[in-house]
Amino acid sequence: MVQIIGIGLTATVLAALLRQQMPSFATLVSLFAGVLILLLLVRSISGALDTFQQLTAAAHMNQMFLQTLIRILGIAYVVEFAADIARDAGESALGGRIELAGKIGIVLLALPIFKDVLDVIVRMIP
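Keep in mind that this is a model prediction, so the values were computed, not measured.

Conventions adopted
Residues numbered from 1 in each chain as written. Predicted model: local features only at pLDDT ≥ 70, side-chain atom pairs only at ≥ 80, totals over all residues. Heavy atoms only, no water. 1 Å grid on protein atoms, 1.4 Å probe; cavity = no way out; pocket = protein on both sides within 12 Å on 5 of 7 lines; lining within 4 Å. Points joined across faces, edges and corners; volume = space filled by probe spheres on them. Helix = DSSP H or I, 4+ residues; strand = E, 2+ residues; numbered from the N terminus. Nonpolar A, V, L, I, M, F, W, Y, C, P; charged D, E, K, R; others polar. Salt bridge = Lys/Arg side-chain N within 4 Å of Asp/Glu carboxyl O. Buried < 20%, exposed > 50% of the residue type's maximum accessible area, 1.4 Å probe, protein only. Patch = residues over 30% accessible without salt bridge, like charges linked within 9 Å, V, L, I, M, F, W, Y side chains within 5 Å. Areas by Shrake-Rupley, 256 points an atom, 1.4 Å probe, with all protein chains shown as cover.

Colleague: Which residues make up the layout of surface pockets, and what values go with them?
Modeller: When its volume is computed, the largest pocket comes out at roughly 660 Å³. Forming the boundary of the largest pocket are 24 residues, of which Leu38, Leu41, Ile45, Leu73 and Tyr77 lie nearest the centre. Every element with two or more residues in the lining of the largest pocket is listed here: helix 2 (23–58) and helix 3 (63–88). Across the lining of the largest pocket, the residue classes tally to 17 nonpolar, 4 polar and 3 charged.

In structure tokens form, the structure reads like this:
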């Protein structure tokens, strides 16, 4: 975690210094640092995913729910990352459209779960 914080702070200072002279390089530094941080986080999250899989197996839950949840979280983080990069590049409107696309993607992924919940509710109603 200290490594991630160090990369983030170094990139922030470097981007702030470059933004005055070469704004395009500042955006590239932010992009590169963000990708590097994401890669480091993915590596550290894999252990937590194994634990979640063991818990869902022990609870006899459908693995589809866990897979959908992981995909939704992945979409949320990647979309936020992409929207922030667009905003850093001065494209606020594009950042908003990226977030909208991510929200629609999350809703589409969650539809099967909503359907299953509604099926359970309908079965419970006499």
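After that view of the structure, there is still more to cover.
Colleague: Which residues make up the pattern of salt bridges, and what are the values?
Modeller: Across all of its chains, the model carries 3 salt bridges by this definition. When the shortest N-O distance is used, the salt bridge between Arg87 and Glu99 registers 2.9 Å. In this pair, Arg87 is assigned in helix 3 and Glu99 in helix 4 (residues 92–124), connecting sequence segments 12 residues apart. Of the residues examined, Arg87 reaches a relative accessible area of 32% and is grouped as partly exposed. The partly exposed category is assigned to Glu99, whose relative accessible area is 27%. Note that Lys115 is salt-bridged to Asp119, the shortest N-O span being 3.0 Å. Pair noted here: Lys115 and Asp119 are both in helix 4, with a separation of 4 residues, about one helical turn.

Colleague: Any details on a nonpolar patch on the surface? Residues and values, ideally.
Modeller: Taken together, the side chains of Met22, Phe25, Leu28, Leu31, Val35 and Leu39 present a nonpolar region at the surface, about 520 Å² in accessible area. With respect to the secondary-structure elements, Leu31 resides in helix 2. Owing to a relative accessible area of 32%, Leu31 belongs among the partly exposed residues under this scheme.

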